[in-house]
Amino acid sequence: MDNKEIRKILEEMAEPEFQKFSSSLIPEMPAEHLIGVRLPKLRRLAKQLAKEDWRGYLRTASDESFEEIMLQGMVIGYAKADIQEIKAWTDHFLPKIDNWSVCDSFCAGLKITKGYPEEMWDYIQGYLTSERTYDIRFAVVMLINYYIDDTHIEQALRSIEKIQNGSYYVKMAAAWAVSMYYVYDPSRTEAFLSDTVLDDFTYNKALQKICESRQVSRETKEKIRAMRRKFP
């Protein structure tokens, strides 16, 4: 399928009310950049494209809409290729990401990571030190999706702590990650929180997210709330 055919399919799948809803969730994106296609429908189209000449598609894919960019990320996730090629396509794709939704969906779809955990761990380390907001968010969300385990928890938390980026979407991802590590291992994550140099916003937001978890007891939440940093 060429870009014209893909665009026609997307427009036929579009739902005006869903377009308005999606626009409200991604306020930084112009509404006209959204067609209004639900993710399950995009995934079905991506699976179809991944069975065809997906390399040719990715080389020439249109970036005109949110859905067309989201579709490319999904195709990379579904593509049958070796890890080196998937990393190369990921490098090619990441500069196109300009919102949290495409970023987080792309991370969730990179399930090849489960087969090459250490190689992908090394790969995302470079993006944790990037200067670009969505490069960093990509790396942090990859930690959340694939590296909440005994082997990586301490290094992951210290890597998050070293991030030097003031973007709201980076800080929110970092706070989300810390909260997920807390749910996984309260003891080690609490030890991290006791002496972390995380900025105040990220630190307090992480505590908030821990308290929002249904997997944390009421008594523990009271203790976590008492750890909040207070300001004059």
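Heads up: the structure comes first, above all this text.
Okay, so let's go over this structure.

Calculation notes
- Residues numbered from 1 in each chain as written.
- Predicted model: local features only at pLDDT ≥ 70, side-chain atom pairs only at ≥ 80, totals over all residues.
- Heavy atoms only, no water.
- Salt bridge = Lys/Arg side-chain N within 4 Å of Asp/Glu carboxyl O.
- Helix = DSSP H or I, 4+ residues; strand = E, 2+ residues; numbered from the N terminus.
- Buried < 20%, exposed > 50% of the residue type's maximum accessible area, 1.4 Å probe, protein only.
- Expected span 1.5 Å × (residues − 1).
- Contact = heavy atoms within 4.5 Å.
- Axes fitted to C-alpha atoms, helices over the stretch in contact; angles between N-to-C directions.
- Parallel < 35°, antiparallel > 145°, perpendicular 65-115°, else oblique.
- Left-handed = near helix turned anticlockwise from the far one by under 90°.
- Core = buried A, V, L, I, M, F, W, Y, C linked by side-chain atoms within 4.5 Å.
- Phe/Tyr/Trp six-rings, centres within 6.5 Å; stacked < 30°, edge-to-face > 60°.
- Lys NZ or Arg CZ within 6 Å of the ring centre and 35° of its normal.
- 1 Å grid on protein atoms, 1.4 Å probe; cavity = no way out; pocket = protein on both sides within 12 Å on 5 of 7 lines; lining within 4 Å.
- Points joined across faces, edges and corners; volume = space filled by probe spheres on them.

### Let's talk about the pattern of salt bridges
Consideration 1: In total, this model carries 18 salt bridges according to the counting rule given.
Consideration 2: In this structure, Arg 55 and Glu 85 form a salt bridge, with 2.6 Å as the shortest nitrogen-oxygen distance. With Arg 55 in helix α4 (residues 54-60) and Glu 85 in helix α6 (residues 83-93), the pair connects residues that are 30 residues apart, well separated along the chain.
Consideration 3: On the basis of relative accessibility, which here comes to 22%, the residue Glu 85 falls in the partly exposed class.
Consideration 4: Sharing partners across several salt bridges, the network here consists of Asp 150, Glu 154, Asp 185 and Arg 188.

### Here we look at helix α8 (residues 117-128)
Consideration 1: The end-to-end C-alpha separation of α8 is 16 Å, in line with the 16 Å expected for 12 residues at 1.5 Å each.
Consideration 2: What α8 keeps buried is the set Met 120, Trp 121, Tyr 123, Ile 124, Gln 125, Tyr 127 and Leu 128.

### Concerning the environment of Ser 179
Consideration 1: Positionally, Ser 179 belongs in helix α11 (residues 168-184).
Consideration 2: By relative accessible area, Ser 179 is classed as buried at 4%.
Consideration 3: Spatially, the C-alpha atoms of Ser 179 and Asp 135 are 21 Å apart, while their sequence positions differ by 44 residues.
Consideration 4: Ignoring anything within four residues of it in the chain, the contact list for Ser 179 reads Ala 206, Lys 209 and Ile 210.

### Considerations on the packing of helix α10 (residues 153-161) against α11
Consideration 1: Orientation of α10 relative to α11, taken along the N-to-C sense of each, is 155°, at an axis distance of 10 Å. Between α10 and α11, the angle is such that the two are roughly antiparallel. Note on packing geometry: the crossing formed by α10 with α11 is left-handed. Contact with α10, carried on its side by Ile 153, Ala 156, Leu 157 and Ile 160, involves Ala 174, Ala 177, Val 178, Tyr 181 and Tyr 184 of α11 and no other residues of that element.

### Quick notes on the nonpolar core
Within soluble globular proteins, side chains that are nonpolar tend to cluster in buried spots.
Consideration 1: Counting 75 residues, the largest nonpolar core has Phe 138 and Leu 143 as its most contacted members.
Consideration 2: Ignoring any residue separated from it by four or fewer positions in sequence, one finds Leu 143 in contact with Trp 121, Ile 124, Leu 128, Ile 148, Ala 156, Ile 160 and Tyr 181.

### Description of the environment of Ala 61
Consideration 1: Inspection of the secondary structure assignment puts Ala 61 in the loop between α4 and α5 (66-78).
Consideration 2: Taking the C-alpha atoms as reference points, Ala 61 and Ile 83, 22 residues apart in sequence, are found 21 Å from one another.

### Overview of the packing of aromatic side chains
Consideration 1: Following the criterion strictly, the structure yields 10 aromatic pairs and no others.
Consideration 2: Both rings, one in Phe 93 and one in Phe 106, keep their centres 4.7 Å apart while their planes meet at 55°; by these two values the pair is tilted. Of this pair, Phe 93 sits in helix α6 while Phe 106 sits in helix α7 (residues 100-109), placing them 13 residues apart in sequence.
Consideration 3: Residue classification places Phe 106 among the buried residues on the basis of a relative accessible area of 2%.
Consideration 4: Between the aromatic rings of Tyr 168 and Tyr 169, the centroid separation amounts to 5.2 Å while the plane-to-plane angle is 85°, which identifies the pairing as edge-to-face.
Consideration 5: Through a chain of ring-to-ring contacts, three or more aromatic side chains come together here, namely Phe 93, Phe 106, Tyr 123, Tyr 127 and Phe 138.
Consideration 6: In this structure, Arg 229 is placed above the aromatic ring of Tyr 203, and the distance from its NZ or CZ to the ring centre is 3.9 Å.

### Remarks on empty space enclosed by the protein
Consideration 1: Per the counting criterion, the structure on display carries one cavity of 30 Å³ or more.
Consideration 2: Looking at the largest cavity, its volume works out to about 40 Å³.
Consideration 3: With three residues, the top contributor of residues to the lining of the largest cavity is helix α1 (residues 3-13).

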